Amino acid sequence: MPLVNSLELIQKARDHKKAIAAFNIHNLETIQAVIEGAAELNSPVIIATTPGTLGHAGIENIAAIVKVLALQVNIPIALHMDHCTSFDTIVECIKSGYTSVMIDGAHLEYSENVELVKAVVRMAHAVGVQVEGEIGKIGGVEDDLFVNEADAAFTVPAEAKKFVDDTGIDTLAVAIGTAHGMYKGEPKLDYKRIEEIKNLVEVPLVLHGASGVPDESVKKAISLGMAKVNIATELKNPMVGAIRKSLLNPEQNDPRKYMGAAKEAVKEVVKNKIKLCGTVGFAAEF
Ligand code: 13P
């Protein structure tokens with residue numbers, strides 16, 4: 001089916017104490033892995049790109065592939081721009097058919113962050129596109145964005161409320177103890193903080209940095225109100241692992257073989273994460 005708005009998916013997921021999995025993709029095979037995996041489980045899904053991916057593959061190319069593959073399946077799929085710091089890139093994404101965007105002004109002073117996010121919200125809402133904002137600072141590495149442990153800052157619930165009110169965003173990314181990338185130790189999620197934020201703001205909450213977070217922790221975060229779960233690194237690792245394994249054979253020079261193996265490895269993780277988010281069969285609701 002044609003691409004859908006992500007907010008409808010996320011809101012309905014929240015109503016059912018589920019979350020929509022949002023997967024960061026990088027190329028044709030990772031898009032296929034996400035869409036095929038979600039379709040096999042009859043689950044809605046969000047396909048996300050970072051600015052780095054757009055630099056690698058091209059906004060129009062990614063949007064064209066996602067739109068064509070989405071038409072071939074009967075599940076709702078949204079196309080989301082993740083962690084974008086540029087107003088202009090967001091305009092380009094929307095022109096190419098993205099159905100939601102995240103404007104990341106977390107590195108800015110509060111008032112500058114609000115100004116940037118408000119401008120994006122005004123423009124995006126005018127054309128029916130939803131906007132995710134972030135308050136607090138999620139640690140770790142995502143593309144060229146690096147927030148070290150000392151600079152990472154948990155979201156303050158009262159600030160979250162003010163930020164949502166000041167900007168008019170549709171969904172809110174919060175820093176509650178996860179970080180982008182895999183963890184060295186076990187992440188400690190601040191469940192109390194999730195509850196406090198959830199009780200103060202009306203918009204659905206987004207869990208970033210879900211790679212390497214134990215399943216039970218993700219489940220608990222979803223039960224407390226996280227309605228979108230972002231996964232990037234946990235798709236990259238099996239992908240490169242499968243490629244490495246294929247290339248142990250020095251004769252192997254067929255991209256269809258080693259990329260095919262990579263696609264299957266990614267699809268496996270996609271399906272496990274969708275199960276974790278509780279949305280198997282949930283496409284029937286849309
Ligand atoms: P991970 O790389 O930890 O999965 O984080 C993904 C993310 O939050 C994308 O915005």
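The structure we're discussing is the one just above.
Presented here is an overview of the structure given in this document. Note that the structure is predicted; figures quoted are calculated from it, not measured. (Residues numbered from 1 in each chain as written. Predicted model: local features only at pLDDT ≥ 70, side-chain atom pairs only at ≥ 80, totals over all residues. Heavy atoms only, no water.)

**What to know about the overall build of the protein chain**
Put simply, the test is: By definition, any uninterrupted DSSP run of H or I lasting at least four residues is a helix, any uninterrupted run of E lasting at least two residues is a strand, and each is numbered from the N terminus. Only C-alpha atoms enter the radius of gyration, while the globule expectation follows 2.2 Å times N to the 0.38, with N the number of residues. Contacts were defined at the residue level, with two residues in contact if any of their heavy atoms lie within 4.5 Å. A 1.4 Å probe and the Shrake-Rupley method give the accessible areas. Residues count as covered only by the protein chains that appear here. When charges are counted, neither His nor the chain ends are considered; positive counts come from Lys and Arg and negative counts from Asp and Glu. Every charge is mapped onto a representative atom, which is NZ of Lys, CZ of Arg, CG of Asp or CD of Glu.
Scanning the protein chain from terminus to terminus reveals 11 helices and 11 strands. A compact globule built from 286 residues would reach a C-alpha radius of gyration of about 19 Å, and the protein chain, at 18 Å, matches this within 12%. Oriented by its inertia axes, the alpha-carbon framework of the protein chain measures out at about 60 × 40 × 35 Å. For the protein chain, the share of sequence-separated contacts (at least 6 apart) that also reach a separation of at least 24 residues comes to 74%. When the accessible surface of the protein chain is summed, it comes to about 12,500 Å², and 51% of that surface belongs to carbon and sulfur atoms. For the protein chain, the separation between the mean place of its 29 positive charges and that of its 37 negative charges on side chains is 5 Å.

**Observations concerning the sheet that holds strand S2 (residues 45–49)**
To keep things clear, this is the line we draw: Strands are treated as partners if at least two bridges between them are detected by DSSP. Helix axes are fitted to C-alpha atoms over the stretch in contact, other axes to C-alpha atoms as well, and angles between N-to-C directions run from 0 to 180 degrees.
Sheet architecture is closed into a barrel: 8 strands sit in the order S1-S2-S3-S4-S5-S8-S10-S11, paired in parallel fashion. Taken over all neighbouring pairs, the strand axes of this sheet differ in orientation by 25° on average, direction set aside. Here strand S1 (residues 20–24) runs beside S2; their pairing, made up of 3 bridges, is parallel. Its bridge partner lying in S2, Asn24 is registered against Ala48. Relative to S2, helix H2 (residues 28–40) is tilted by about 170°, and along the sheet it contacts S1, S2 and strand S3 (77–84). Where helix H8 (residues 191–200) meets the sheet, it contacts strand S8 (171–174), strand S10 (205–207) and strand S11 (226–231), and its direction lies at approximately 155° from that of S10.

**Focus: the site of the ligand**
Using the following cut-off: Residue proximity to a molecule or strand is established when one non-hydrogen atom of the residue lies within 4 Å of it. Two N or O atoms form a polar contact when they lie within 3.5 Å of each other; inside protein one atom must be a possible hydrogen donor and the other a possible acceptor, and for residues adjacent in sequence the pair counts only when both atoms belong to side chains. Throughout, the ten residues Ala, Val, Leu, Ile, Met, Phe, Trp, Tyr, Cys and Pro are labelled nonpolar, Asp, Glu, Lys and Arg are labelled charged, and all others, Gly among them, are labelled polar.
Inspection of the region around the ligand gives 15 residues, with Asp82, Gly209, Ser211, Ala232 and Thr233 positioned closest. His180 has a polar side-chain atom sitting 3.1 Å from an oxygen atom of the ligand. Contact between the ligand and Gly209: an oxygen atom at 2.7 Å from a main-chain N or O atom of the residue. With the chains in place, 99% of the 310 Å² that the ligand exposes on its own is no longer accessible. For the shell around the ligand, the secondary structure elements donating two or more residues are S3, strand S9 (179–180) and S11. Classifying every residue of the shell around the ligand gives 4 nonpolar, 9 polar and 2 charged.

**Side note on the pattern of salt bridges**
Rules: By salt bridge we mean one thing: a side-chain nitrogen of Lys or Arg within 4 Å of a carboxyl oxygen of Asp or Glu.
Under the counting rule described, the total for this entry stands at 14 salt bridges. Two residues, Lys192 and Glu196, come together in a salt bridge whose shortest N-O distance is 3.2 Å. Here Glu196 and Lys192 lie together in helix H8, a separation of 4 residues that amounts to about one turn. Residues participating in the shared-partner salt-bridge network are Glu36, Glu40, Lys263, Lys267 and Lys271.

**A short note on the packing of helix H6 (residues 110–126) against helix H7 (residues 157–167)**
The condition is simple: Note on terminology: angles under 35 degrees are roughly parallel, angles over 145 are roughly antiparallel, angles of 65 to 115 are roughly perpendicular, and the others are oblique. For a crossing to be left-handed, the near helix must be turned anticlockwise from the far one by less than a right angle; the clockwise case is right-handed.
Where H6 meets H7, the axes come as close as 9 Å, and the angle between the chain directions of the two elements is 40°. The angle between the axes of H6 and H7 places the two elements in the oblique class. Both H6 and H7 take part in a crossing whose hand is right-handed. Each of Tyr110, Asn113, Val114, Val117, Lys118 and Val121 in H6 lies in contact with H7, whose residues at this interface are Lys162, Phe163, Asp166 and Thr167. In the contact of H6 with H7, the residues fall into 5 nonpolar, 2 polar and 3 charged.

**Brief notes about unusual backbone geometry**
A negative phi holds for most residues other than glycine; trans holds for most peptide bonds. Unusually for a residue other than glycine, Asn42 sits at a positive phi of about 50°. Considering the arrangement of structural elements, one finds Asn42 in the loop between H2 and S2.

**Remarks on the side chain of Thr178**
Mapped onto the elements, Thr178 comes out in the loop between S8 and S9. For Thr178, the side chain forms a polar contact with the main-chain oxygen of His208, separated by 2.6 Å. In this structure Thr178 touches Ile138, Gly139, Tyr183, Leu189, Leu207, His208, Gly209 and Val213, once residues within four positions along its chain are discounted.

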